[in-house]
Amino acid sequence: MGRLLDISQVTAGYGSITVLRNISIGVDAGECIGLFGPNGHGKTTLLQTISGLLRPAGGRISFEGTDITGARPRDIVNAGLIQSPQGNTLFGDMHVLETLELASISRRARRGRDENLRRVFDLFPQLGERRSQKAKTLSGGERQMLSIGCALMCSPRLLMLDEPTLGLSPRLKKELAGAVGNIARSGVPLVIVEQDVEFLLSLTQRLYMIEHGEVIREIDRANAPDHDSIMKLYFGEAVH
Amino acid sequence: MIDTLIATLVSGLVLGSLYAMMASGLSVIWTTLGVFNFAHGALMMIGAFVAWTVSEAAGLGLLVGIASGTLAAALLGVLIERLLVRPYYGNRNMLLITVMTTLAAMIILEKGAQMIWGARLKQLPRLVDGEISIFGATISAHEAILVVLAPLILLSIWRFTVRTNVGRSLRAVGQNQRSAALIGIDVPVAFAIAFGLSAALAGLTGALLGSIRFITPSMGAEPLVKAMIVVIFGGLGSLGATAGAAYIIGIIEALLILWLGLYWTPFVLFLMMIVVLVFRPTGIFGSSQ
């Protein structure tokens, strides 16, 4: 096999509530994949389980051939499996530069700190202008940039982005999509969670549709659906 | 008259230094974990007793004693976090539960100290003998060391939390635990560091105070209450606000003792605390959101 990230038969949830049911997803080296599906059906839960914030009740997660099921978040970050969480407010009272520097705290990220910082400021020049501003004074788009910037400071070997354009204006959305595309082209494999399937198709090779905590459909470029069938996937068949 | 006033202000400064060191420890734990450590005063007392045992009973000298007292308190702080606070992380009632568990720790430490060291009053020798005169007011050289040391220690803690990655990670964990974990900060380790640092401060304060006051199992109770008044007065969260409030409370206390006497001073201090809580719940220096 030798997949970069291999999630097999994972079950997870909160307390007695099961959110993910026997879910299996894989990412190969050099590949970008997308996850989409209705809200509240387990996409964020899946990312949190991969990152070690939630302990799976069953199944196995391995990264670069190493079993990371139930590992501590710190060790998962150390391995280079990084997540930029959804709707992130990060650390409100910390400055942009301080936050980015702190994000390279893990052992493997420390070496590449200066280079990563340059890369983040190249990708998001706005963050450079706001480097001594507190995170809580940033706009929604800038916070999202900072969140992705932090993830890049961790020297990711695989980067998971949870709805990077959530709640942003179309113009900002386009800007961030461009940045995400840049990251993908620089050779970082991505797992992107998004509602916008066309946006995902432009960036990724494969998509998984997740509903009720299960993969109900796998889509690749060859069998990519058109706009209407995506609408049908989301809203069901229109009955006249 | 002027002489009395100066003497009072100087003794307020000594009290303020003591409160600043105690309150900043409470503040470090609060900003990182969001809990209140009621065993903080007892950790200060342990610092004093261990310093006495090492310095006087074992005869290893005062400096070794102070270092041992600081270290012993720090280790106990880490132990309290591990045994009495960590099991309740993520619990919805964590704040209330840890009030009870740290109160339990306080009682255990106080009664334990009574069993180990007995009820007889103990005192440490002073770091340096002699007295120092400030504008005509005389304090012991030992108290003068406390006055100089307190702001230096506060400054280095502040620098630690702003400049170093370990210090920054404590602030990050306090502001957003989940995001902190996702950039690779070991959250449980950050909690342990916060408790250890806070307890080390308490232990050091106790070891220094052991030369000025008598060392008894309950010696930490009064400084703990004063440190609580300080953090409520200054607003929890910012080290600068806590330090400022500590000196203000110290000087107000000294003035109140001069004008109203020992009996009414705690009454007025608590009244002030209630007034602050009613009209400015975020503290005098706290940002009103």
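Above this text sits the structure in question.
Residues numbered from 1 in each chain as written. Chains lettered and ligands numbered in written order. Predicted model: local features only at pLDDT ≥ 70, side-chain atom pairs only at ≥ 80, totals over all residues. Heavy atoms only, no water.

Things to note about empty space enclosed by the protein
Where we set the bar: As defined here, a cavity is a set of points on a 1 Å grid over the protein atoms alone where a 1.4 Å probe fits but cannot get out. A pocket is an open set with protein on both sides within 12 Å along at least five of seven lines, and residues line them when an atom is within 4 Å of a point. Grid points are joined across faces, edges and corners, and a volume is the space filled by probe spheres set on the points. Helix and strand assignments come from DSSP, with helices taken as H or I runs of at least 4 residues and strands as E runs of at least 2, each series counted from the N terminus. Put simply, Ala, Val, Leu, Ile, Met, Phe, Trp, Tyr, Cys and Pro go in the nonpolar bin, Asp, Glu, Lys and Arg in the charged bin, and everything else, Gly too, in the polar bin.
Inspection of every chain in the model, using the stated rule, returns 1 cavity of 30 Å³ or more. Of the pockets and cavities examined, the largest cavity occupies roughly 60 Å³. Around the largest cavity, the lining comprises 11 residues; the ones closest to its centre are Gln83, Pro85, Ser147 and Cys150 of chain A together with Ile183 of chain B. The set of elements that each furnish at least two residues to the lining of the largest cavity consists of strand 6 (81-84) and helix 7 (140-153) of chain A together with helix 7 (177-182) of chain B. At 3 residues, the largest contribution of residues to the lining of the largest cavity is made by helix 7 of chain A. Among the residues making up the lining of the largest cavity, the classes are represented as 6 nonpolar, 5 polar and no charged.

What about the packing of aromatic side chains?
Residues and elements named next belong to chain B. As a reminder of what qualifies: In this analysis, rings of Phe, Tyr and Trp, with Trp reduced to its six-membered ring, are considered paired at centre separations within 6.5 Å, and the interplanar angle assigns stacked below 30 degrees, edge-to-face beyond 60, and tilted for intermediate values. Exposure is judged per residue with a 1.4 Å probe applied to protein chains only, and the accessible area is read against the type maximum: over 50% gives exposed, under 20% gives buried, and values in between give partly exposed.
For the structure shown, the criterion picks out 5 aromatic pairs over all chains. With 4.5 Å between their ring centres and 50° between their planes, tyrosine 89 and phenylalanine 191 make a pair best called tilted. Of this pair, tyrosine 89 sits in the loop between helix 3 (62-85) and helix 4 (94-117) while phenylalanine 191 is found in helix 8 (residues 187-209), placing the two residues 102 residues apart along the sequence. When its relative accessible area of 25% is taken as the criterion, tyrosine 89 is described as partly exposed. Judged by centre distance (5.3 Å) and plane angle (80°), the ring pair of tryptophan 264 and phenylalanine 267 falls under edge-to-face.

Observations regarding the sheet that holds strand 1 (residues 5-14) of chain A
What counts here: Here, any two strands with at least 2 DSSP bridges between them count as paired.
One open sheet accounts for 4 strands, arranged 2-1-4-5 (chain A); its pairing is antiparallel. Of all the strands in the sheet, just strand 2 (17-27) and strand 5 (66-67) of chain A have a single pairing partner and so form its edges.

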